[in-house]
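Fold and geometry: a report
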Amino acid sequence: MEALKEIVNPILKWYDSHARVLPWREDPSPYRVWVSEIMLQQTRVEAVKPYFERFIKELPTIRALAEAPEDRLMKLWEGLGYYNRVRNMQKAAIELTEEYGGEMPADFERILKLPGIGSYTAGAIASIAFGIPRPAVDGNVLRVLSRVQKSYEDIMKQSVRKSFEEQVRAVIPKVRAGDFNQSLIELGAIVCVPNGAPKCEECPLKELCRAHADGVELELPKKTPPKKRRVEDRTVLVLLSDNKAALKKRPSKGLLAGLYELPNLEGRYESQEILNYVKELGLSPIRIQSLPEAKHIFSHIEWHMAGYAVKIEEPDKEPEGFFFVEKAQMEDIYSIPAAFGAYTEYFKHRF
Ligand code: ADE
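Residues numbered from 1 in each chain as written. Predicted model: local features only at pLDDT ≥ 70, side-chain atom pairs only at ≥ 80, totals over all residues. Heavy atoms only, no water.

A few words on the overall build of the protein chain. Of regular secondary structure, the protein chain possesses 16 helices and 7 strands. Based on the C-alpha atoms only, the size of the protein chain along its principal axes is roughly 75 × 50 × 35 Å. Here the protein chain holds 351 residues, and 50% of them are scored as buried. For the protein chain, long-range pairs separated by at least 24 residues make up 69% of all intrachain contacts whose partners lie at least 6 apart in sequence. Accessible area for the protein chain stands at about 17700 Å²; split by element, carbon and sulfur atoms hold 49% of it. Taking the 51 positively charged and 51 negatively charged side chains of the protein chain as two groups, their mean positions are separated by 3 Å. (Helix = DSSP H or I, 4+ residues; strand = E, 2+ residues; numbered from the N terminus. Buried < 20%, exposed > 50% of the residue type's maximum accessible area, 1.4 Å probe, protein only. Contact = heavy atoms within 4.5 Å. Areas by Shrake-Rupley, 256 points an atom, 1.4 Å probe, with all protein chains shown as cover. Lys, Arg positive; Asp, Glu negative; His and termini not counted. Charge placed at Lys NZ, Arg CZ, Asp CG, Glu CD.)

Here it is as structure tokens:
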């Protein structure tokens, strides 16, 4: 579309005076851009800031990331979710350490081949850190471009995303490629926002925006709704003995792979059934209390959880796969996913 060329100067000019000051923008090294972009795929800017600072402080280089112990890495990511993203980052860091001495190569195609890096992230790193004129089209950018061009194409379709990328590639300025990508992202994040509240009066593109001209900005972008999630009932147990609580390590594959969890069972159980289960484990329950229900939403599954706190006598022997830890260890060492948050909260207070 002809008009896209016309957005370049006004949006860059707007970016110069409106861009937020963000930690990864102050020093856009390839590693910092990479870490920030992966974090920002799942979490809002304000929430990312402290995670970003902590991560970079503890693992300041690609080499340090490559060498980080798994539990430490999971702990640094705790609360961000989608743990496979940080596992993939570590795999990529290992490749970069082995092949490039721990540096990111200034090569879009090579960056794109790294584990966990798709065309958006590769474009963001290439353009922001190296000035390579490649597009970085995320959800923010798709929204801005759908509105500016009044496009009713379904942005969930890969072919539509590709076509938007090609259109950006055709106009991306060679001298300020990173700023141009970030200006589109920034406009989508703070002006051309979703959920019925775009601030068109503040928009540097309002005279060029076809959706605004026709008053249809709220209808766009078009998205097919995601598939319905599968609902799974679970019963979560807080097993407390004296000053310790039981944890398990999850299998190395699948949902929440390799993280730690509170013992839990698929399905819903009455307190008598739970007491029987605890005895079958070889433990001696003293009392049981039911806890409030909780829900956790993953991308494809929803857990609907019931919970019980069970006070037990100090075990002579830990049941297979279970181990008991003290509060300080829980907080400092073991990464327990947010899915269990309603119950770990409880057990923090009871220690
Ligand atoms: N969201 C995704 N990437 C971003 C960036 N570089 N700056 C601000 N918000 C973003």
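Quick look at the environment of Asp27 now. Looking at where Asp27 falls in the secondary structure, it is placed in the loop between α2 (23–26) and α3 (30–40). Given the relative accessible area of 39%, Asp27 is considered partly exposed.

In the vicinity of the ligand, the residues found are Leu22, Trp24, Arg25, Glu37, Leu40, Val45, Tyr120, Asp138, Gln182, Ile185 and Glu186. Arg25 places a polar side-chain atom, nitrogen or oxygen, 3.0 Å from a nitrogen atom of the ligand. Measuring from a nitrogen atom of the ligand, one finds a side-chain N or O atom of Gln182 at 3.0 Å. Relative to its free-state accessible area of 260 Å², the ligand is covered by the protein chains to the extent of 95%. Breaking the shell around the ligand down by element, the ones donating at least two residues are α2, α3 and α12 (177–190). The leading source of residues in the shell around the ligand is α12, at 3 residues. A breakdown of the residues in the shell around the ligand according to their chemical character gives 6 nonpolar, 1 polar and 4 charged. (Near = heavy atom within 4 Å. Polar contact = N/O pair within 3.5 Å; in protein donor to acceptor, adjacent residues only side chain to side chain. Nonpolar A, V, L, I, M, F, W, Y, C, P; charged D, E, K, R; others polar.)

Of all hydrophobic cores here, the largest spans 97 residues; its most connected members are Trp34, Phe55 and Phe180. At 7 residues, the largest contribution of residues to this core is made by helix α1 (residues 4–18). Apart from the residues within four sequence positions on either side, Phe180 is in contact with Ile7, Val8, Ile11, Leu12, Val168, Val171, Ile172 and Pro173. Counting residues in each nonpolar core, the second largest holds 12 residues, with Ala246, Val278, Tyr308 and Ile312 among its members. (Core = buried A, V, L, I, M, F, W, Y, C linked by side-chain atoms within 4.5 Å.)

With that settled, consider the pattern of salt bridges. This model, assessed by the stated rule, comprises 21 salt bridges. Asp214 is the salt-bridge partner of Lys150, the closest N and O atoms lying 2.7 Å from each other. Highlighted residues: Lys150 in the loop between α10 (139–148) and α11 (158–171) and Asp214 in the loop between α13 (210–213) and β1 (230–241), separated in sequence by 64 residues. Take Lys150: its relative accessible area is 31%, and that puts it in the partly exposed class. Here Glu165 makes a salt bridge to Lys162, at a shortest N to O gap of 3.5 Å. Here Glu165 pairs with Lys162, and both are found in helix α11, just 3 residues apart, close to one helical turn. (Salt bridge = Lys/Arg side-chain N within 4 Å of Asp/Glu carboxyl O.)

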